[in-house]
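Architecture and fold: a report
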Amino acid sequence: MSKLTLNDLTKIRKQTQGINTNPNITRLMICGGTGCHATGSIKVKQALVEEIEKKGLSDTVKIVETGCNGFCALGPLLVVQPEGIFYVKLKSEDIPELIQEQIINNTPVKRLLFKDPATKKRIAKQDDISFFAHQMPRALRNKGQIDPEKIDDYIARDGYIAIVKVLKEMKPDDIIKEMTTSSLRGRGGAGFPTGMKWDFARKSEGETKYVLCNADEGDPGAFMDRSILEADPHCVLEGMTIAAKAINANKGYIYCRTEYQLAIKRLKIAIKQAKEYGLLGKNILNTGFDFDIDIYQGAGAFVCGEETALMRSIEGKRGMPRPRPPFPAHKGLWEKPSILNNVETFSNVPQIMIKGGDWYASVGTEKSKGTKVFALSGDVNNIGLVEVPMGTTLRSLVFDIGGGIAKKRKFKAVQLGGPSGGSVPEHLLDTPVGYEEIAKIGAIMGSGGAIVMDDKTCMVDMARFFMDFIQDESCGKCTPCREGTLRMLQILEKICEGKGEPRDIKDLEELSHVIHQSALCGLGQTAANPVLSALKYFRNEFDAHVIDKRCPAKRCIAMLKFEIDPDLCKKCGLCFKSCPADAITWKKKEVALIDKEKCIKCMSCFDKCQFDAIF
Amino acid sequence: MKNNKSITINGNQFSFRPEDTILEVAQRNGIFIPTLCHLKGTTPTGACRVCMVEVKGARSLVASCAAPAMDGMDVQTESSDVIRSRKLTISLLLSSGHHDCLLCPATGDCVLQQLAYRYKVSGTQFEASNARYPLENVNPFIIRDFSKCVLCGRCVQACNDIQVNNAIDLGYRGSAAKVVTAGDRSLKDSDCVFCGECIQACPVGALYPKDALNKPRYGETQKIRTTCSYCGVGCQMHLHVKDNLVQKVTGVDTAPNNGSLCVKGRFGYDFIASKDRLTTPLIRKKGKFCDASWDEALTLVAKKFTQIQKKHGSDSIGVLTSARITNEDNYIAQKFTRAILKTNNIDHCARL
Ligand SMILES: Cc1cc2nc3c(=O)[nH]c(=O)nc-3n(C[C@H](O)[C@H](O)[C@H](O)COP(=O)(O)O)c2cc1C
Ligand code: SF4
Ligand code: SF4
Ligand code: SF4
Ligand code: FES
């Protein structure tokens, strides 16, 4: 391949669009995200290839392996385009029938369609499913639409138009102005205005500058950035190149956790293709502008997502935060002016350049504009990746898109911002998605992890879980975080073991306050948030543990009796069937009984009992 | 307005230099802010969080050792929030290991002990953590007692930023953090050259000379300033002396060494009181060394030199001097060789 001119780019766009939007060609978009790979989409794709071949349909049916579609819990997923028919949980055995009915007879295979958990009805079209209907894909606009390993697919969807515009028509000032107008704020968690960040770095003096992309994504339950990289790697490269032009940098790094092998593979392919086309590297599109990107694989430490630690890690040093100032805009990577942005932040940039900052800012709340990607997980019906306009209520996120709570349980809380965030209780679910709005209720927007918890979740145990994570992931450098979170963890463990004392709650509050006030980096400063919000909204659960020695959610093993309440037991025997240790005796129409000698406290029966009869 | 930049600390205004931190302005003006991890001459790491101060308008407390002084800053060094944080931080450190001062070689000279006393923190708020790593004493010079380490990182700074030996760094995470060599091996199997800079930097009793446990502690010795006799650099050192015996050597923070010493200067002092040490000139008589006076010895040497010179000529004599004497002594030696012995055969071992 030779370097492209503007004409070539336009030609490729037209050509590929011609194929990709040809109504006579059916495109089978098989999801190739990590989630669907894990559930077997590679085999399904193989079966599709064979079946299409066998039936001689190769001319009119194309198979496209896309990045993550978003509805990960139902994989392997397949979308039949242009009709938009949505198939879930496919197996390779289903494929002959699917091709026969869907492609040849043009009638969807009902049993393989999505079943609405509320209405129990099968829904054929992706757009009619409420999980998708309430979304507004911007950062994820190409998800499921393109083959991420084909640059032409990206170009066909207006890819690299922004680069042409930026390099040929815009000055750094114009770029930053557009970013400022868009009001885009950093999607990595803190929500710092991106235009302002770039402006600092642009004004910072220095011949060598760096553009860095944060793909460390260390929050438990978060997979937004991974999905973007897997589904649409070029948009991140393009966003970084635009940033480079804005601050006049010639070198960029993507700091990606090494566990994200598929993302890394696709990024590598994307970088190679972009270079071959002359859209990256020396003299981009003959404009005299040079910009190159390397991938740096991090070993997967949460703290390496913190900006100063991330830069030390790229420098080959121990990934440990250092005091700011100096800020990265002045002294970043190798002490040179640098900007660091999150994957999702960069992925929004090309569209802003094409459609304008005003377009981007046209949705959202007063201070939070545009859209936000969330990774919905936990006890919600529709687990997956979603993108909603700022201002969408959390209720809509959990109930309309998430489809409500699984297994007919009740909603208890949604944890936003992972180990740095807080849990939002039912009565605050009408809070709109937005940085200030969510901070006001004691959580943080964070990078988009949203873990939904049902009424079987013990909030003390949840707080303990996150504190355990923090203790493992603290870099150990500063006293309040290293020693303080250890003490908090010990106290929470003690409470979960039924040994809590009233003084412990006070100590937790005092430790939280001081750690927040005095820790060196964001990890420590926010480490107490899950505990504080749990104490604020679920104080009664703490009191139940500490004073009554009771775990209301029946999660804390030390406080469970492993007995069955004869009044609540409906004699169904589910517990009996679930016990791996044969510790339960039960006969039809009789109350079940647990033999404590044999019981191994595995909790299977608790999970199985529909009537909460075991305590 | 450029020259009128000022910062307010505890209600008083002070001017400052462009590169000053809050701590430096405070120290210059006699305002006490406690520090633990701060090590002069190195980039602040902001690790211990003992030096936190309150800055009006800041989101949280600010580490004064790392924060640049800025125009219009309004700083409180002992506000209630500062004290609240400082006390808890000290309390956390005291319970982070075995801080049993009675049996610690650093007692009296320990920053943590001083902090606990000043801020009246008993260290009983939390149960003391068990020692996570065993004490290391497998080299001839340094004992590493991890149960007393407060992970301030000063030793790491001393080793990497001052001595540039890069033998140690922080390893592991969370409360499992530890100062480690490459591969967490013992010092003797690492790049360590046993300069002991880390011992001197350690604010507590986590690093100490091998023999310290059997020696007098701080307060029992007298400090005597002297110049190191090992080489011509002229490092300034304190001999810590008790009963006319050197018990320990530390570097003095002044030119030329600014507090540093090398392995010989710091640890190589046992010769001073060695029984094998020569205390008087010896003259070999009938194959046996016999005590002599300086006059006797010098007269004999002068006589022999003159004889050799007469019989074999000046160039039959050569002089070799040593780096263990001063530049001035070396100068005199070459002068003596050329002017008195009348030969150019003068050389220097130029090593130790
Ligand atoms: C402990 C810690 C972990 C972080 N992890 C990430 C991460 O995984 N990904 C990310 O984009 N930002 C992370 N951040 C935020 C980054 O430090 C930084 O603010 C962000 O990458 C800036 O990009 P943005 O302005 O586009 O959000 C983390 C911050 C802290 C304190
Ligand atoms: S707050 Fe925690 S992660 Fe951050 S520097 Fe301190 S010890 Fe390290
Ligand atoms: S003795 Fe010197 S070289 Fe060895 S660890 Fe200490 S400072 Fe480093
Ligand atoms: S050994 Fe001493 S100087 Fe080194 S980190 Fe521990 S307490 Fe600090
Ligand atoms: S002296 Fe400032 S943080 Fe330790």
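Basis of the calculations
Counting restarts for each chain, with residues numbered from 1 along the sequence as it is written. As they are written, the chains are lettered A onward and the ligands numbered 1 onward, keeping that order. The predicted origin of the model limits local features to residues at a pLDDT of at least 70 and limits the giving and counting of side-chain atom pairs to 80 or more, whereas totals for whole chains, interfaces and linings rest on all residues. Side-chain measures were taken over the full set of non-hydrogen atoms in the model, leaving aside hydrogen atoms and water. Each residue carries a pLDDT score, the predictor's own confidence in it, on a scale running from 0 to 100. Throughout, the term near means that a residue has one or more heavy atoms lying within 4 Å of the molecule or strand in question. Amino acids are sorted into nonpolar (Ala, Val, Leu, Ile, Met, Phe, Trp, Tyr, Cys and Pro), charged (Asp, Glu, Lys and Arg) and polar (every other residue, Gly among them). The source of the domain bounds is an automatic or database domain assignment. Contact definition: two residues touch when any of their heavy atoms are within 4.5 Å. The term buried area denotes the loss of accessible surface (1.4 Å probe radius) that occurs when two parts are joined, taken as the sum for both partners. Note on definitions: salt bridges are taken to be side-chain nitrogens of Lys or Arg within 4 Å of carboxyl oxygens of Asp or Glu. N or O atoms closer than or at 3.5 Å make up a polar contact, with two conditions inside protein: a donor-capable atom paired with an acceptor-capable one, and, for residues adjacent in sequence, both atoms drawn from side chains. Every helix listed is a DSSP run of H or I at least four residues long, and every strand listed is a run of E at least two residues long, numbered separately from the N terminus. The patch calculation keeps residues exceeding 30% relative accessible area without a salt bridge and links them within 9 Å when they carry like charges or within 5 Å when they are nonpolar (Val, Leu, Ile, Met, Phe, Trp, Tyr). Using the Shrake-Rupley algorithm and a 1.4 Å probe, accessible areas are obtained, with residue cover drawn only from the displayed protein chains. Buried, partly exposed and exposed residues are distinguished by accessible area as a fraction of the type maximum, computed with a 1.4 Å probe on protein chains only: under 20%, between the cut-offs, and over 50%, respectively. Pairing of aromatic side chains here covers Phe, Tyr and the six-membered ring of Trp, requires ring centres within 6.5 Å, and sorts the geometry by plane angle: under 30 degrees stacked, over 60 edge-to-face, intermediate tilted. Following DSSP output, two strands are said to pair if at least two bridges run between them. Fitting a line to C-alpha atoms yields each axis, with helices limited to the stretch in contact; the angle taken between N-to-C directions then spans 0 to 180 degrees.

Things to note about the confidence of the model for chain B
Overall, the predicted model of chain B reaches an average pLDDT of 94, with 98% of residues at or above 70. Both scores are given for the predicted complex: the pTM is 0.92, the ipTM 0.91.

Describing the site of ligand 2
Lining the immediate environment of ligand 2, one finds 13 residues, of which Cys475(A), Lys477(A), Cys478(A), Cys481(A) and Cys521(A) sit closest. Among the residues forming the shell around ligand 2, the class breakdown is nine nonpolar, three polar and one charged.

A few points about the domain arrangement of chain A
All names here are of chain A. In terms of domain boundaries, chain A breaks down into domain 1 (21–133), domain 2 (151–361), domain 3 (371–454), domain 4 (459–548) and domain 5 (561–615). Between the C-alpha centres of domain 1 and domain 2 the distance comes to 33 Å. Every contact between the two is made by 12 residues of domain 1 and, on the other side, eight residues of domain 2. Overall, the association of domain 1 and domain 2 removes approximately 580 Å² of surface from exposure, summing both partners, and the carbon and sulfur fraction of that is 49%. Interface area lost by domain 1 to domain 2 is led by Thr-34, Gly-67 and Cys-68, which between them contribute 57%. The partner of Glu-65 in a salt bridge is Arg-266, and the shortest N-O contact between them spans 3.2 Å. Where domain 1 touches domain 2, the interface holds three residue pairs in polar contact (both at pLDDT 80 or more). Looking at the side of domain 1 that touches domain 2, the elements with two or more residues in it are α2 (34–39) and β2 (61–66). Residue composition of the side of domain 1 that touches domain 2, grouped by class: three nonpolar, seven polar and two charged.

Points about the site of ligand 4
Around ligand 4 sit 13 residues, and of these Cys149(B), Cys152(B), Gly153(B), Cys155(B) and Cys202(B) come closest. Considered class by class, the residues forming the shell around ligand 4 number 11 nonpolar, one polar and one charged.

Concerning the domain arrangement of chain B
Domain annotation for chain B reports domain 1 (6–78), domain 2 (215–277) and domain 3 (282–351). Between the C-alpha centres of domain 1 of chain B and domain 3 of chain B there is a distance of 59 Å.

Remarks on a nonpolar patch on the surface
A cluster of nonpolar side chains, Phe192(A), Met196(A) and Phe200(A), forms an exposed patch at the surface whose accessible area comes to about 280 Å². In this structure, Phe200(A) sits in helix α9 (residues 194–203).

Quick notes on helix α16 (residues 394–401) of chain A
Restricting attention to buried positions, one finds in α16(A) the residues Leu394(A), Ser396(A), Leu397(A), Val398(A) and Ile401(A). Of the residues one or two after α16(A), Gly403(A) is the one with positive phi, at around 70 degrees.

So, the packing of aromatic side chains
All names here are of chain B. Considering all chains together, one arrives at 23 aromatic pairs over all chains under this definition. Their ring planes at 20 degrees and their centres at 6.0 Å tell us that Tyr-133 and Tyr-172 sit as a pair that is stacked. Placement of Tyr-133 in the loop between α3 (111–118) and β6 (142–144) and of Tyr-172 in the loop between β7 (168–171) and β8 (178–181) is noted, with a sequence separation of 39 residues between them. Aromatic pair Phe-141 and Phe-267: ring centres 4.9 Å apart, planes at 40 degrees, arrangement tilted. Placement of Phe-141 in the loop between α3 and β6 and of Phe-267 in helix α6 (residues 263–267) is noted, with a sequence separation of 126 residues between them. Owing to a relative accessible area of 25%, Phe-141 belongs among the partly exposed residues under this scheme.

Details of the sheet that holds strand β11 (residues 236–242) of chain B
All names here are of chain B. Reading across from one edge, β10-β11-β12 is the order of the three strands in this open sheet, with antiparallel pairing throughout. The open sheet is flanked by β10 (222–227) and β12 (245–251), the only strands paired with a single partner. Here the strands of the sheet are splayed against their neighbours by 30 degrees on average, with no regard to which way each runs. Bridge count between β11 and β12: six bridges; the pairing is antiparallel. Along β12, the bridge assignment pairs His-238 with Thr-250.

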